[in-house]
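Listed below are the residues making up each chain.
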Amino acid sequence: FNRGYTGWGIQWPYADQANLGFEVGINSKWYIAASAYLRYDKNLVAAIPVPSEYGFASEYKNGLNVKNSGVEVNIGSSFGENNFAWRPNILLHWNQNSITALPDGLNEILSGGRQLKVGERVDAFWLLQNQGIYESDAAVPLNSATNQPLTYYGVAVQKGDPRWKDMNGDFNVDDQDRSFQGNVHPKISGAFNQAFTYKNWELNLLTSSAAGKYLINEAVANRFDFVNRETSGTIEGVKEISFWTQI
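Described below are features of the structure shown in this document. All values derive from a computational prediction rather than experimental measurement.

Rules used in this analysis
Residues numbered from 1 in each chain as written. Predicted model: local features only at pLDDT ≥ 70, side-chain atom pairs only at ≥ 80, totals over all residues. Heavy atoms only, no water. Helix = DSSP H or I, 4+ residues; strand = E, 2+ residues; numbered from the N terminus. Buried < 20%, exposed > 50% of the residue type's maximum accessible area, 1.4 Å probe, protein only. Polar contact = N/O pair within 3.5 Å; in protein donor to acceptor, adjacent residues only side chain to side chain. Contact = heavy atoms within 4.5 Å. Patch = residues over 30% accessible without salt bridge, like charges linked within 9 Å, V, L, I, M, F, W, Y side chains within 5 Å. Areas by Shrake-Rupley, 256 points an atom, 1.4 Å probe, with all protein chains shown as cover. Salt bridge = Lys/Arg side-chain N within 4 Å of Asp/Glu carboxyl O.

Here the focus is the side chain of Asn95. Within the secondary structure layout, Asn95 lies in strand β5 (residues 84-101). Among the residues examined, Asn95 registers a relative accessible area of 15% and is labelled buried. A polar side-chain atom of Asn95 sits 2.7 Å from a polar atom in the side chain of Tyr37. In this structure, Asn95 is in contact with Tyr37, Asn68, Ser69, Gly70, Arg121 and Lys187, ignoring residues within four places of it in sequence.

Structure (structure tokens):
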């Protein structure tokens, strides 16, 4: 039940794609190829949150559309004479993606702790912005209208608690203060392959690389999620033991 309800009428997704490229050979020694692509993945399945009365956490529906565009470049060559040869090859790939549509014409959905929003990357993190730790109760902002301290999902913030940025200024840090940051998949990836041959022997070396990819520190993120930790019923729920030190 917590995985979601799959009803009737689920259809196959499909894709529309266009490619434009060229290949060039120079003196039978150099090889250069490049291609640009534009791909629209349509009618993908996404989990749509439903009311708790349904008995399911979500319902799977068609309607998720994702746009991918990118460029691939491949450069290769061959050097050597007689019994020895060296054939290097470089491959570079750049990709950009964005969500163009969601099921039922929605503009955004929250599923599995992630937000999918039209116009944003499908692999973007949806996070609060941390600015350190409150070192004293006096450092916690007060709402001048109510004279109450800043809250985190309705729980009053105290010294030792993480200092989350209140993006909308309502003195309550919640999902409305989250923002899209980074991306799971690298924006640029590549590989450098080398093939060495000597008589009947051959050696292949492959080196891969990635740039523009972000990682999230789950261990630290879980430590800062003090509201959920304190209701866990284990010793880890005591936040002072985990990360509070006297100053």
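Continuing now.
It is worth spelling out a nonpolar patch on the surface at this point. Together, Phe22, Val24, Ile26, Trp30, Ile75, Ile90 and Leu92 make up an exposed nonpolar region whose accessible area comes to about 590 Å². For the nonpolar patch, the secondary structure elements donating two or more residues are β2 (14-26) and β5. At three residues, β2 tops the list of elements feeding residues into the nonpolar patch.

On to the side chain of Thr151. Among the secondary structure elements, Thr151 is positioned in strand β12 (residues 151-152). For Thr151, the side chain forms a polar contact with the side chain of Asn172, separated by 2.6 Å. When neighbours within four sequence positions are excluded, Thr151 is seen to be in contact with Ala156, Val157, Phe171, Asn172 and Val173.

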